[in-house]
Amino acid sequence: MLRAFVFMQLLASLLFLLPAAGAAGRDRPTTTPDTVKVLIVFVKFLDDTTPGSAQVNYRDWPLYRDPTQLPASAPYLISNSAHPPHVDSTLTAYFYQQSNGKLVVFGDVYDRAIVSSKPESSYHRPGGGYADLTYDVVRQLDAAGVDFSDYDFNRDGVLDQLFMIIRRDSEKDAGRVPWTGASCLDARCGNGAPAGKRLPPLTVDGTLIDWNLSGSVIFNRTPGNVAPHYWLVRMMAHEYGHDLWRQHFVHIPAITNNDVPEQSSFRRATNTLGYVLMAGAGGGYDARGDETISAFERDLLGWIECRQLSTSQTNVIVRDLYTSGDCVRLETARRTRPSLLYVTNRQRIGPFDRYRQSGAQEQFEIGLLRTTGLLVGLAFRNRYEVLPADNNLVLSTRNEDYEGDLFQPGSQLTPWTRPSINGFTRYPADSEPFWHAIDNIRRHPTDRRVIVFDYVDDFRESIVVRQNSWMGRESSGTELSGRGRIVGGRLIVDSDIHVTGRLTIEEGATLEIGRAGRVQIHRSGSVLVRGGGRLRVDGALHVEGVMLPLAESQIEIGRTAQLTAGTVR
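A.B. asks: In this structure, what is going on with the nonpolar core? I would like to understand it.
C.D. replies: Residues I40, F42, L77, L91, F95, V105 and W245 are the most contacted members of the largest nonpolar core, which totals 59 residues. With nine residues, the single largest contributor to this core is helix α6 (residues 228-244). Excluding residues that lie within four positions of it along the chain, I40 makes contacts with L77, I78, D108, V109, Y110, F163, I165 and M236. Grouped together as the second largest cluster of nonpolar side chains are 34 residues, L133, Y151, V177 and C184 included.

A.B. asks: What is the right way to read a negative patch on the surface from this model?
C.D. replies: On the surface, D142, D147, D150 and D205 cluster together into a negatively charged patch. As for its position among the elements, D142 is in helix α4 (residues 130-143). The exposure class assigned to D142 is partly exposed, which follows from its relative accessible area of 34%.

A.B. asks: Looking at this model, I keep getting lost on the state of the cysteines. Mind explaining?
C.D. replies: Among covalent bonds in proteins, the disulfide is the one between the sulfur atoms of two cysteines. Considering all chains together, one arrives at one disulfide under this definition. Disulfide partner of C306: C327, at an S-S distance of 2.3 Å. Taking the sign of the S-S torsion, 90° for the link of C306 and C327, the bridge is right-handed. With C306 in the loop between α7 (295-300) and β10 (307-309) and C327 in the loop between α8 (321-324) and β12 (328-332), this pair connects stretches of sequence that are 21 residues apart. Residues C306 and C327 agree in their burial class; the two are buried.

A.B. asks: Please clarify how unusual backbone geometry should be interpreted in this entry.
C.D. replies: Generally, phi is negative for residues other than glycine and the peptide bonds are trans, each holding for most cases. For the bond from P84 to P85, the omega torsion is 5°, close enough to zero to count as cis. Mapped onto the elements, P85 comes out in the loop between β1 (35-44) and α3 (91-98). You will see that Y275, though not glycine, has its phi angle at about 70°, which is positive. As for its position among the elements, Y275 is in the loop between β9 (263-264) and α7. Even without a glycine there, the phi angle at N315 is positive, about 60°.

A.B. asks: What's the story with the sheet that holds strand β23 (residues 478-480) in this structure? I'm lost.
C.D. replies: A sheet is described by the order of its strands in space; here five strands give the open sequence β23-β26-β29-β32-β35, paired in parallel fashion. Looking at which strands have only one partner, the edges of the open sheet turn out to be β23 and β35 (562-564). Between one strand and the next, the sheet's axes are offset by a mean angle of 15°, whatever the strand orientation. Strand direction decides the pairing type here: strand β29 (residues 518-521) and strand β32 (residues 540-543), joined by four bridges, are parallel. Looking at the pairing, V519 lines up with L541 of β32.

A.B. asks: Please explain the packing of aromatic side chains as it appears in this structure.
C.D. replies: Each aromatic ring pair is summarised here by two numbers: the centre-to-centre distance and the angle between the ring planes. In this structure the tally under the stated criterion is 16 aromatic pairs. With a centroid separation of 6.0 Å and an interplanar angle of 45°, the aromatic rings of W416 and F459 are classed as tilted. Of this pair, W416 sits in the loop between β18 (392-393) and β19 (437-443) while F459 sits in the loop between β20 (451-456) and β21 (464-465), placing them 43 residues apart in sequence. Accessibility classification places W416 together with F459 in one group, the buried group. An aromatic cluster is present here, built from Y94, F95, Y240, W245 and W303 joined pairwise through their rings.

A.B. asks: Teacher, can you tell me more about the side chain of T417 here?
C.D. replies: Within the secondary structure, T417 is located in the loop between β18 and β19. Side-chain polar atoms of T417 contact the backbone oxygen of P419, separated by 2.8 Å. For T417, the residues in contact, after removing those within four places along its chain, are Q412, Q467, N468 and S469.

A.B. asks: In this structure, what is going on with the sheet that holds strand β34 (residues 554-557)? I would like to understand it.
C.D. replies: Pairing between the strands of a sheet is mediated by backbone hydrogen bonds and can be parallel or antiparallel. The strand order β22-β25-β28-β31-β34 describes an open sheet built from five strands, whose pairing is parallel. In the strand order of this sheet, the two ends are held by β22 (469-471) and β34, each with one partner. Taken pair by pair, the neighbouring strands of this sheet meet at an average axis angle of 10°, ignoring direction. As paired elements, strand β31 (residues 534-537) and β34 share four bridges and run parallel to each other. Looking at β34, one finds that R534 is bridged to Q554.

A.B. asks: For this particular structure, what's the right way to read the confidence of the model for the chain?
C.D. replies: Low pLDDT marks stretches whose predicted atomic positions should not be read closely. Averaged over all residues, the pLDDT of the chain equals 84, while 83% of them reach at least 70. Note on residues 1-31: pLDDT is under 50 here. Beyond four places in sequence and across chains, it has 106 contacts.

A.B. asks: I would appreciate a short explanation of a nonpolar patch on the surface in the present structure.
C.D. replies: On the surface, I555, I557 and L563 cluster together into a nonpolar patch covering about 260 Å² of accessible area. Among the structural elements, I555 can be located in strand β34. Judged by relative accessible area, I555 falls into the partly exposed class, the value being 39%.

A.B. asks: Any chance you could explain α6 here in plain terms?
C.D. replies: Since there are 3.6 residues in each turn of an α-helix, residues three or four apart along the chain are aligned in direction. Compared with the 24 Å implied by 1.5 Å per residue over 17 residues, the 24 Å span of α6 between its first and last C-alpha is a close match. Within α6, 17 of the 17 residues are buried, leaving the element largely enclosed by the surrounding structure.

A.B. asks: Whenever I open this one, the packing of α3 against α6 confuses me. Can you help?
C.D. replies: When two helices pack together, their arrangement is given by the angle between the helix axes and the distance between those axes. Packing of α3 against α6 leaves a shortest axis separation of 10 Å and a crossing angle of 55°. Relative to α6, the element α3 lies oblique. The crossing of α3 and α6 is right-handed. Mapping the contact onto sequence places L91, Y94 and F95 in α3 and V233, M236, A237, Y240 and L244 in α6. In the contact of α3 with α6, the residues fall into eight nonpolar, no polar and no charged.

A.B. asks: What exactly am I supposed to notice about α3 here?
C.D. replies: Most of α3 sits inside the fold, with six of its eight residues counted as buried. When we look at burial in α3, the residues that qualify are L91, T92, A93, Y94, F95 and Q98. Against the buried residues of α3 lie β2 (104-109), β4 (161-166), α6, α7 and α8.

A.B. asks: I keep staring at the environment of D186 and nothing clicks. Help me out?
C.D. replies: Considering the arrangement of structural elements, one finds D186 in the loop between β5 (181-182) and β6 (202-204). Accessibility expressed as a relative area gives 5% for D186, which makes it buried. Separated by 57 residues in the primary sequence, D186 and G129 place their C-alpha atoms 6.6 Å from one another. Once residues lying within four places of it in the same chain are set aside, the contact partners of D186 are Y130, A131 and W211.

A.B. asks: Sorry if this is basic, but what is going on with the pattern of salt bridges here?
C.D. replies: Close approach of charged atoms lets side chains of opposite charge pair. One pass over the structure, following the stated rule, counts 18 salt bridges. With a shortest N-O distance of 3.0 Å, D326 and R307 are connected by a salt bridge. With D326 in the loop between α8 and β12 and R307 in strand β10, the pair connects residues that are 19 residues apart, well separated along the chain. Classification of R307 by relative accessible area gives partly exposed; the value is 33%.

Cut-offs used in this document
Residues numbered from 1 in each chain as written. Predicted model: local features only at pLDDT ≥ 70, side-chain atom pairs only at ≥ 80, totals over all residues. Heavy atoms only, no water. Core = buried A, V, L, I, M, F, W, Y, C linked by side-chain atoms within 4.5 Å. Buried < 20%, exposed > 50% of the residue type's maximum accessible area, 1.4 Å probe, protein only. Helix = DSSP H or I, 4+ residues; strand = E, 2+ residues; numbered from the N terminus. Contact = heavy atoms within 4.5 Å. Patch = residues over 30% accessible without salt bridge, like charges linked within 9 Å, V, L, I, M, F, W, Y side chains within 5 Å. Areas by Shrake-Rupley, 256 points an atom, 1.4 Å probe, with all protein chains shown as cover. Salt bridge = Lys/Arg side-chain N within 4 Å of Asp/Glu carboxyl O. Lys, Arg positive; Asp, Glu negative; His and termini not counted. Charge placed at Lys NZ, Arg CZ, Asp CG, Glu CD. Disulfide = S-S within 2.5 Å. Pairing = 2+ DSSP bridges. Axes fitted to C-alpha atoms, helices over the stretch in contact; angles between N-to-C directions. Phe/Tyr/Trp six-rings, centres within 6.5 Å; stacked < 30°, edge-to-face > 60°. Polar contact = N/O pair within 3.5 Å; in protein donor to acceptor, adjacent residues only side chain to side chain. pLDDT = per-residue confidence, 0-100. Expected span 1.5 Å × (residues − 1). Parallel < 35°, antiparallel > 145°, perpendicular 65-115°, else oblique. Left-handed = near helix turned anticlockwise from the far one by under 90°. Nonpolar A, V, L, I, M, F, W, Y, C, P; charged D, E, K, R; others polar.

Structure below.
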């Protein structure tokens, strides 16, 4: 969705709503509809003769001699039946699969493109904007015999949804309009000056076409590496999603009172995030990560029932989110910031997840799921944030940039990793950590697409460090009472830690006591450094119990170290 590359436009595009539109949206009923019937109409401006360009790719809707000819993929955007099975990769299958059958969006694609009665500029503000265009399109459809009451499935007198897919708009092409779709049909959705006349909504065949409630405008653009057909389905899903999630948010805002991800490819001020359908606008790069609706969004609508973990469990099985709706939820019941953690398994299984390539020599990446593994998301009220495994969220057109986002076999998410399971890179001064952990992530022995992990409700009692971890001031006074191990990476201690059990530093692993760290090995405690293991002391080490370095282990004492030795064997 780069402005020059068009890829950034998808993020910035996902909806443009003035405050008045948000207020109007609250007038809608708060129940999620079970079945919705939509009409999809392709619209071409009378004076559109643009063959396309490097930035704006019209390969999927070329110029035809017959201007009313539909693009080739048009008939496959939606199912005309509410009953399954639904055709793969349609909007119908998209919602039916991911709602676990709780939402059916079906309907029709009008059998020819509508050509506007006037040139494009006539539909820009400060005139009536796209409200004028909606008037034009609806009148042509009505004259051709379309019965709009057919698209009021619940018979509440309001049209369920009209999608107008616009081939091109010069204001958009010139970069003067940042959005690529909008969940409204009136002047606010058109281009030009922000002010303009407001036209009244239409009533056709006894059915109200409400500017806020009844439809969306989508530009037929090819952003970056997403194939047009999939992108149109995803855009329609996003725009209709503004109706589905209207009681929760306009766009999902990112959590901003933490420092995760530590690095990203966009300015923090844009508040964008990945791996959700309802990502926010703001001019950043691709904010989606993939095409799958997140567990957080589904849970808000009651589409899935996430298993709640509260006590330690081994062998927690998580199947693919897209095809199974499987989800695990953890509650971080802290006094200062209660939140929920969603753990899901992302695999290239569903039609919007599969890695795909295109072009004469398969030279273009059009894969929609960037990576596979466990995705962990933190939800705080209506805000959400991805906790990428590498603490670096690079949103781009290249699949490899996403490879560190999801947790892979051998990784873990604990109170001391970065990011921590509490959603911080570095805990704030007043933080109150929740001591649970996701550990021993691995693949199922008979189905590699299924991921298994162990859940530990208090990681202090059975610490296993597999990767670089840090104990800061939030851990002051922590007692390690069980049989703990440092099996990989480096554990840095910059706090007051008490070892009352047995802590083993395995080959290739490091325990580093920083200058602010103080480790006390009590009489009941011991630290064993195996061959190839390493202990580095720059802070305080007080040994009352047993300190046992084995042959070929490495002990380093810094100039700032403070040692009080009891028994060292």
